[in-house]
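The primary structure of each chain is shown beneath.
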Amino acid sequence: MVARQDLTTDEDLKAQLLRVRRGTAFWSRKVNELTDDELDGPSLLPGWSRRHVIAHVGYNARALTRLVQWATTGVETPMYSSPQARNQEIAYGATLPARALRHLNDHASVSLNVEWRDTPDEAWGHEVRTAQGRTVPLTETLWMRSREVWIHAVDLDNGARFSDVPREVLSRLLSDIVGNWAAKNTDPGLRIQVTGAPELGELGAGAGQDSARTVRGDLPAVAQWASGRGGHRLEAGADLENPRWI
Ligand code: ZN
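In this report, we go over the structure that sits alongside the text. (Residues numbered from 1 in each chain as written. Predicted model: local features only at pLDDT ≥ 70, side-chain atom pairs only at ≥ 80, totals over all residues. Heavy atoms only, no water.)

1. Let's talk about the layout of surface pockets
- Empty space within the largest pocket amounts to approximately 1400 Å³.
- Surrounding the largest pocket, 45 residues form its lining, Q132, R147, E148, W245 and I246 being those nearest its centre.
- When residues of the lining of the largest pocket are traced back to their parent elements, those giving at least two are helix 2 (50–73), helix 3 (83–93), helix 5 (140–155) and helix 6 (167–184).
- A per-element tally of the lining of the largest pocket places helix 5 first, with eight residues. (1 Å grid on protein atoms, 1.4 Å probe; cavity = no way out; pocket = protein on both sides within 12 Å on 5 of 7 lines; lining within 4 Å. Points joined across faces, edges and corners; volume = space filled by probe spheres on them. Helix = DSSP H or I, 4+ residues; strand = E, 2+ residues; numbered from the N terminus.)

Written out as structure tokens, the structure is:
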């Protein structure tokens, strides 16, 4: 008999699974709103058409599925065999006929969901390695997929905005980005103020310093700018370049 509900009994994990499924549903809705001809149009990512974005999200779901299988079987299966292989796969996927590209997206999404659903409690803490070389517990794949589906839905450029993204996703994204700046030492001393989110405090290497160059805006505007997708919605600092984070 096949389980029709999540194997985990952990309430927090169940809530995270529900959230990632909502994000995936949003992503798939934005893909389905595009006609086949519109797939050929540009995305918000330089050099990438919408086809590239959809191929990337589909192959990324397959790569995450490999991490779930790694955690549940103990047999090491990396996300990608190499960065070149990842890029070649995306370039190839972007050339697929529209039906095949949509099938890739749908099938990869369903497979990943089934793997998560059938993952027993003890495997969620098993460690796997991301494409960037970070060692993380399997639970991290829930966040990795959430981040991909929400940001890339905006990148499709057919109506999704950062203001559509749940605040919990935006705030984790922002803290990941600021953390990467600190780790890579790429923040030139910015003072970042997120209006309407006092719980975040001031962020950036220049936090709390009156003389620091200031970036200010609401959470969607700051997350959009910090992720490299334009500062035009900021109240202050729109002319400042976002530090590199990947
Ligand atoms: Zn991505």
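After that view of the structure, there is still more to cover.
2. A closer look at the coordination of the zinc ion
- The coordination sphere of the zinc ion, as far as protein atoms go, consists of H56 (NE2), E148 (OE) and H152 (NE2), spread over 2.0 to 2.1 Å.
- Spacing between the donor residues of the zinc ion along the chain follows H-x91-E-x3-H. Of this pair, H56 sits in helix 2 while H152 sits in helix 5, and the two are 96 residues apart along the sequence. (Donors = N, O, S within 2.8 Å, 3.2 Å for Na, K, Ca; no water.)

3. Let's talk about empty space enclosed by the protein
- Inspection of every chain in the model, using the stated rule, returns one cavity of 30 Å³ or more.
- Size it by volume and the largest cavity reaches roughly 30 Å³.
- Taken together, W150, I151, F162, V165, V169, L170 and L173 make up the full set of residues lining the largest cavity.
- For the lining of the largest cavity, the secondary structure elements donating two or more residues are helix 5 and helix 6.
- Tallying contributions element by element places helix 6 first for the lining of the largest cavity, with three residues.
- Split into classes, the residues belonging to the lining of the largest cavity amount to seven nonpolar, no polar and no charged. (Nonpolar A, V, L, I, M, F, W, Y, C, P; charged D, E, K, R; others polar.)

4. Examining the packing of aromatic side chains
- Under the criterion given, the structure shown has two aromatic pairs.
- With a centroid separation of 5.9 Å and an interplanar angle of 80 degrees, the aromatic rings of W181 and W225 are classed as edge-to-face. Remark: W225 occurs in helix 7 (residues 219–226) and W181 occurs in helix 6; sequence separation between them is 44 residues.
- Among the residues examined, W181 registers a relative accessible area of 1% and is labelled buried.
- Cation over ring: R86 sits above Y80, and NZ or CZ is 5.9 Å from the ring centre. (Phe/Tyr/Trp six-rings, centres within 6.5 Å; stacked < 30°, edge-to-face > 60°. Buried < 20%, exposed > 50% of the residue type's maximum accessible area, 1.4 Å probe, protein only. Lys NZ or Arg CZ within 6 Å of the ring centre and 35° of its normal.)

5. Notes on the environment of N60
- Looking at where N60 falls in the secondary structure, it is placed in helix 2.
- Counting along the chain gives 49 residues from N60 to S109, while the straight-line C-alpha distance between them is 9.6 Å.
- Excluding residues that lie within four positions of it along the chain, N60 makes contacts with M79, Y80 and E148. (Contact = heavy atoms within 4.5 Å.)

6. Concerning the pattern of salt bridges
- Counting across every chain of the model gives 15 salt bridges.
- Here E33 makes a salt bridge to R29, at a shortest N to O gap of 3.7 Å.
- Of the residues examined, R29 reaches a relative accessible area of 46% and is grouped as partly exposed.
- Ionic pairing is found between E33 and K30, a salt bridge with its closest N-O pair at 2.8 Å.
- In this structure, a network of salt bridges that share partners links the residues R29, K30 and E33. (Salt bridge = Lys/Arg side-chain N within 4 Å of Asp/Glu carboxyl O.)

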